[in-house]
Amino acid sequence: QVQLVESGGGLVQAGGSLRLSCVASGSIDNINVMGWYRQAPGKQREFVARITKGGSTGYADSVKGRFTISRGNALTVYLQMDNLKPGDTAVYSCAAENRWNTYWGRGTQVTVSS
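Below you will find a few notes about this structure. Just so you know, these numbers come straight off a predicted model, no measurement behind them.

On to the state of the cysteines. Summed over all chains, the structure comprises 1 disulfide. Between the sulfur atoms of Cys22 and its disulfide partner Cys94 the distance amounts to 2.1 Å. Handedness of the Cys22-Cys94 disulfide follows from its S-S torsion of about -80°: it is left-handed. Of this pair, Cys22 sits in strand S3 (residues 18-26) while Cys94 sits in strand S9 (residues 90-97), placing them 72 residues apart in sequence. Neither Cys22 nor Cys94 differs from the other in exposure class; each is buried.

Here it is in structure tokens:
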């Protein structure tokens, strides 16, 4: 089992920045990919960004050039969010994938006011 705990969400004005953190614990040795997803009210959960064990990254088109995913160490992944827009308002969840499962954190709320 893998446990994920997110932090760093909050309320920010449009154009502002936030940095989300995700700390993993448990059986992390087989984790190949970690990523961030978000779900806005009334919408389906969507992919935001991902980073592989080797450091390769990928982003949703809607956040390219504004968000940056990085790893602090084997246990921690960050999402730096700049130039935030009201459309970025959502619950942001961390995910960790191995060959057999995808594990999810409980999420952290990000609210961007106009």
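Back to the text.
Moving on, we get to the packing of aromatic side chains. Under the defined criterion, the tally for this structure stands at 2 aromatic pairs. Here the aromatic rings of Tyr37 and Phe47 are separated by 5.7 Å at their centres, their planes lie at 70°, and the arrangement is edge-to-face. In this pair, Tyr37 is assigned in strand S4 (residues 33-39) and Phe47 in strand S5 (residues 46-52), connecting sequence segments 10 residues apart. Note on Tyr37 and Trp104: the rings are 5.0 Å apart at their centroids and 70° apart in plane angle, and the pair reads as edge-to-face. In this pair, Tyr37 sits in strand S4 while Trp104 sits in strand S10 (residues 102-104), placing the two residues 67 residues apart along the sequence. Its relative accessible area of 33% is what places Trp104 among the partly exposed residues.

Thresholds, definitions, all that
- Residues numbered from 1 in each chain as written.
- Predicted model: local features only at pLDDT ≥ 70, side-chain atom pairs only at ≥ 80, totals over all residues.
- Heavy atoms only, no water.
- Disulfide = S-S within 2.5 Å.
- Helix = DSSP H or I, 4+ residues; strand = E, 2+ residues; numbered from the N terminus.
- Buried < 20%, exposed > 50% of the residue type's maximum accessible area, 1.4 Å probe, protein only.
- Phe/Tyr/Trp six-rings, centres within 6.5 Å; stacked < 30°, edge-to-face > 60°.

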